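An overview of the molecular structure
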Amino acid sequence: MTPHSILHDFLHLFFPDCCCFCGNKLNVSENGICLECLYKLPKTNNFKIPGNKAEELMAGRFPFQRIASFCVYTKDGILQKLVHQFKYNNRKEIAIMLGRLFANDILGSEFISSIDLIVPVPLHPKRLKIRGYNQSELIARGMSEVTEISVSSSNLIRSIYNPTQTKRSRTQRWENVKDIFELRNINEFANKHVLLVDDVITTGSTIEACSIPILKCNNVKISIATLGEVF
Ligand SMILES: [Zn+2]
């Protein structure tokens, strides 16, 4: 974190009605970010591109249909600021807003048209208790509002509490997550095309680990949507 961004986060604690990226004062209709910065979001639009970078990253690791990410996630970039707000500053409405924006873009596209169910990557109950909410579930809720596709947030569960993934290598990340997810009811996802939703995709190990129990369901298909991609 740069000294500038530390100062910025500090100021933002006391002036939450300022844009989390440029610091300009927000008007009543703006939510955490000003409209001008919102227009500058580095969208990937990769839902329109079969074989995109995210799909390349995951190819051969497990069977999936499509992967799309809303924006490019860069250090100190706009999306990083927004993710920081909803992950560590309790700004739940920002996660919902981004979910809605993403869904507005993909609405009516081939990417979303065959999806039956939106499934957020779960948090372990212990972490859920600390944060108070699952940010991926909020993104999923925002997407559901726009697409009118239901969210399933209690079937896929994180049964093992694992340390944070930040600062781990790809191999370490995989060792850390590969056995931690399970399904409560194997029938709920049978014959469904589920859209797994996460905040940011980095090495893809969390998503891959989620797919293990899901793929045990009869005739299930998986697609993936994340707000950010770090490649
Ligand atoms: Zn701004």
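Within any chain, residue numbers begin from 1 and follow the written order of that chain's sequence. Reporting of local features is limited, given that this is a predicted model, to residues whose pLDDT is at least 70; pairs of side-chain atoms are given and counted only at 80 or more, and all residues count toward the totals for whole chains, interfaces and linings.

**A closer look at the overall build of the protein chain**
- Put simply, DSSP H or I for four residues or longer makes a helix, DSSP E for two residues or longer makes a strand, and each gets a number counted from the N terminus. Across its full length, the protein chain holds 10 helices and 6 strands.
- The globule rule used here is 2.2 Å times the number of residues to the 0.38 power, and the radius of gyration it is set against is calculated over C-alpha atoms. The C-alpha radius of gyration of the protein chain comes to 17 Å, within 12% of the 17 Å expected for a compact globule of 231 residues.
- The principal-axis extents of the C-alpha atoms in the protein chain amount to approximately 50 × 40 × 30 Å.
- Counting only residues that meet the buried cut, the protein chain has 39% of its 231 residues in that class.
- Contacts here follow a simple rule: the backbone-placed C-beta atoms of the two residues must lie within 7 Å. A sequence separation of at least 24 residues applies to 74% of the contacts in the protein chain between residues at least 6 apart. Exposed residues have 12 or fewer other C-beta atoms within 10 Å of their own C-beta, buried residues have 20 or more, and partly exposed residues fall in between, where C-beta atoms are placed from the backbone.

**Thoughts on the environment of Ser169**
- The residue Ser169 is located in the loop between β3 (156-158) and α9 (170-177) in this model.
- What makes Ser169 exposed here is the crowd of 9 C-beta atoms within 10 Å.
- For the pair Ser169 and Thr203, spaced 34 residues apart in sequence, the C-alpha to C-alpha distance is 8.6 Å.

**Here we look at the nonpolar core**
- For the purposes of this analysis, a nonpolar core is taken to be any set of buried Ala, Val, Leu, Ile, Met, Phe, Trp, Tyr and Cys residues that are connected through C-beta atoms within 7 Å. The biggest cluster of nonpolar side chains holds 54 residues, and the ones touching the most others in it are Leu82, Leu98, Leu196 and Val197.
- The element best represented in this core is helix α5 (residues 92-106), accounting for 8 residues.
- Here this core spans two domains, since at least three of its residues come from each of domain 1 (1-40) and domain 2 (43-229).
- With sequence-adjacent residues up to four places away left out, Leu82 is seen in contact with Cys20, Gly32, Ile33, Ile94 and Leu98. An automatic or database domain assignment supplies the residue ranges for each domain.

**What to know about the packing of α5 against helix α8 (residues 135-147)**
- The contact between α5 and α8 brings their axes to 7 Å, and the two run at 45°. Our classification of the angle between α5 and α8 gives oblique. Considering only the axes of α5 and α8, their crossing is right-handed. In contact with Lys92, Ala95, Ile96, Met97, Leu98, Gly99, Arg100, Phe102, Ala103 and Asn104 of α5, α8 contributes Gln135, Leu138, Ile139, Ala140, Arg141, Gly142, Met143, Glu145, Val146 and Thr147.
- Of the residues belonging to the contact of α5 with α8, the class tally is 11 nonpolar, 5 polar and 4 charged. Lines fitted to C-alpha atoms define the axes, with helix axes restricted to the stretch in contact, and inter-axis angles between N-to-C directions lie between 0 and 180 degrees. The labels follow the angle: roughly parallel below 35 degrees, roughly antiparallel above 145, roughly perpendicular from 65 to 115, and oblique for the rest. By the definition used in this description, the sense in which the near helix is turned from the far one sets the handedness, with an anticlockwise turn below a right angle giving left-handed and a clockwise turn giving right-handed. Classification convention: Asp, Glu, Lys, Arg as charged; Ala, Val, Leu, Ile, Met, Phe, Trp, Tyr, Cys, Pro as nonpolar; all other residues, Gly among them, as polar.

**Focus: the sheet that holds strand β2 (residues 117-120)**
- Pairing is parallel across the open sheet formed by 4 strands, whose spatial order is β1-β6-β5-β2. The open sheet is flanked by β1 (67-72) and β2, the only strands paired with a single partner. Across the sheet, the axes of successive neighbouring strands diverge by a mean angle of 20°, strand direction being ignored.
- With respect to the sheet, helix α4 (residues 78-88) is in contact with β1, β5 (193-201) and β6 (221-229), its orientation differing from that of β6 by roughly 105°. If DSSP finds at least two bridges between two strands, the strands pair.

**Here we look at the domain arrangement of the protein chain**
- According to the domain assignment, the protein chain contains domain 1 (1-40) and domain 2 (43-229).
- For domain 1 and domain 2, the distance between their C-alpha centres works out to 26 Å.
- The interface is formed by 9 residues belonging to domain 1 together with 9 residues belonging to domain 2.
- The class makeup of the residues in the side of domain 1 that touches domain 2 is 4 nonpolar, 4 polar and 1 charged.

**Digging into unusual backbone geometry**
- One non-glycine residue, Asn45, lies in the positive phi region at around 50°.
- Positionally, Asn45 belongs in the loop between α2 (35-39) and α3 (53-58).
- Residue classification places Asn45 among the partly exposed positions, given that 13 C-beta atoms sit within 10 Å.
- Within the chain, Asp76 stands out as a residue other than glycine whose phi angle is a positive 65°.
- With respect to the element layout, Asp76 can be found in the loop between β1 and α4.
- The exposure class of Asp76 is exposed, given the 12 C-beta atoms found within 10 Å.

**So, helix α10 (residues 205-214)**
- The element α10 is largely enclosed, with a buried count of 8 among its 10 residues.
- Buried within α10 are the following residues: Ser205, Thr206, Ile207, Ala209, Cys210, Ser211, Pro213 and Ile214.

**A look at the packing of α9 against α10**
- Look at α9 against α10: their axes get within 9 Å of each other, and the N-to-C directions meet at 30°. It follows from the interaxial angle that α9 and α10 lie roughly parallel. For the element pair α9 and α10, the recorded crossing hand is right-handed. Facing Arg170, Arg173, Trp174 and Val177 of α9, the residues of α10 in contact are Ser205, Thr206 and Ala209.
- Of the residues contributing to the contact of α9 with α10, the split by class is 3 nonpolar, 2 polar and 2 charged.

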